[in-house]
Amino acid sequence: MRALLVVNPNATSTSPRVIDVIVRALSHEFDLEVTMTTHKGHAHSIGEYAVEAEIPLVITLGGDGVVNEVVNGIMWTNPAKSKPAIAPIPGGSGNVFVRALGLPVDPVEATGAIMQSCRADQFRTISLGLAVATRGNGETFSRYFGANSGIGLDATIIAAMDQDRKMGVSASPLRYLGTTAREYLRRSNRRASIQVSRPGNPAIDHARVVLVQNSSPWTFFGSWALDPNPAASFATGLDVFIVRKLDPISTARAARRIITRSRRKVSANAYTSWHDQNAFSIAAHCEVLIQIDGEALGHVSQVQFSHHADALTVVDPL
């Protein structure tokens, strides 16, 4: 089988030695082509190339960002051609999509699992979320996501971590914890005013944070799964967690739900959860930050979210 390996050499937990081991192993199993990403957006172009070249399998080695770019390159290219399957090898700090698929978090173990599944022709289709966003200047962009999206404080934390990385600071659970505390304490991040609407229901006004899940868990703190909506699944619609209040007591209650992964349906004064949604929208009084699959994408004023079933073929670990 032909396969294309897309490597982000700058991913958090990727090293030249690991790359060498994985390339050697995959070369024995596949007719392998290897491409190293060199800049932001490069993996999107590689996804487009995979479709046009009719390569049946794209393997990624990196974090959730490189997977997302490849997936969007695949999804937006030439609908007349068949789409390759995706097989992600963890190389980032969170690797949320990899873990949601049930693949090992060790990159070498994940490589072995992918090869085993390909030998058995073990694949499945999963859903994707789609965010169509509008900025304050009228500019629009569209982005598919496999794991999650966040509006407000969640995206602010991701953007702050991106800035830290640019300054040479490595991502770690403790770094995320410190950044979360720092951004929470900034009053500007607690004044966001977001309206969340879905067909046939009253709108929710003055939300502060909106977390959107296409899979479960939402994210990880080290090996600890964090999950406001544990019922989220690749087999159902989008799940949404809406936080209305960020005072200390309300924040503590929301954090407890996320940490304990409670499945209790809620529609409280402080926060609300929605399960299995096909479509909904957000509108911000002032522009707010958005993140998609762990990548900060700047400020937006409106976002239309929709669910797309059976959109992507992925390796299915045995």
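Everything here concerns the structure above.
Quantities reported herein were computed from a predicted structural model and do not represent experimental measurements.

Novice: For the nonpolar core, give the residues involved together with the corresponding values.
Specialist: Nonpolar side chains in soluble globular proteins tend to be buried together. Of all hydrophobic cores here, the largest spans 47 residues; its most connected members are Leu-26 and Ile-59. Apart from the residues within four sequence positions on either side, Leu-26 is in contact with Leu-5, Leu-32, Ile-59, Ile-89, Thr-111 and Met-115.

Novice: Any details on helix H2 (residues 42-52)? Residues and values, ideally.
Specialist: For H2, every residue scored as buried is listed here: His-42, Ala-43, Ile-46, Gly-47, Ala-50 and Val-51. Contacts from the buried residues of H2 go to strand E1 (2-7), strand E2 (31-36), strand E3 (57-62) and helix H3 (64-75). Phi turns positive, to about 55°, at Glu-54, one or two residues after H2.

Novice: So what about the packing of aromatic side chains? Which residues, and what values?
Specialist: The geometry of an aromatic ring pair is captured by the separation of the ring centres together with the interplanar angle, meaning the angle of the planes. Within the structure shown, the criterion is met by six aromatic pairs. Ring centres 5.1 Å apart and planes at 45° place the aromatic pair Trp-76 and Tyr-144 in the tilted group. Here Tyr-144 lies in strand E6 (residues 140-145) and Trp-76 lies in the loop between H3 and strand E4 (85-90), a separation of 68 residues in the sequence. The partly exposed category is assigned to Trp-76, whose relative accessible area is 43%.

Novice: Hey, could you go over the pairing of strand E5 (residues 123-134) for me, with residue numbers and the actual values?
Specialist: Across eleven bridges, E5 lies against strand E16 (residues 295-315) in antiparallel orientation. If you follow Leu-128 over to E16, its bridge partner there is His-308. The sheet contact formed by E5 and E6 spans six bridges and is antiparallel. Counted as the bridge partner of Thr-134 is Thr-140 from E6. Hairpin connection from E5 to E6: five residues lie between these consecutive antiparallel strands, with Gly-138 at a positive phi of about 95°.

Novice: Describe in detail the pattern of salt bridges, supporting the description with residues and values.
Specialist: Where charged atoms from two side chains of opposite charge approach closely, those side chains can pair. All told, the structure shown has eight salt bridges when counted by the stated rule. When the shortest N-O distance is used, the salt bridge between Arg-119 and Glu-29 registers 2.8 Å. With a gap of 90 residues between them, Arg-119 in helix H5 (residues 107-119) and Glu-29 in helix H1 (residues 16-29) connect regions that are remote in the sequence. Look at Glu-29 and you get partly exposed, because its relative accessible area is 28%. The closest approach of N and O atoms between Arg-261 and Asp-227, which form a salt bridge, is 3.1 Å. Here Arg-261, found in the loop between helix H8 (248-260) and strand E14 (271-277), pairs with Asp-227, found in the loop between strand E12 (224-226) and strand E13 (238-243); they are 34 residues apart in sequence, far enough to count as distant. Here the salt bridges do not stand alone but share partners, grouping Lys-40, Arg-143 and Glu-295 into one network.

Thresholds applied
Residues numbered from 1 in each chain as written. Predicted model: local features only at pLDDT ≥ 70, side-chain atom pairs only at ≥ 80, totals over all residues. Heavy atoms only, no water. Core = buried A, V, L, I, M, F, W, Y, C linked by side-chain atoms within 4.5 Å. Buried < 20%, exposed > 50% of the residue type's maximum accessible area, 1.4 Å probe, protein only. Contact = heavy atoms within 4.5 Å. Helix = DSSP H or I, 4+ residues; strand = E, 2+ residues; numbered from the N terminus. Phe/Tyr/Trp six-rings, centres within 6.5 Å; stacked < 30°, edge-to-face > 60°. Pairing = 2+ DSSP bridges. Salt bridge = Lys/Arg side-chain N within 4 Å of Asp/Glu carboxyl O.

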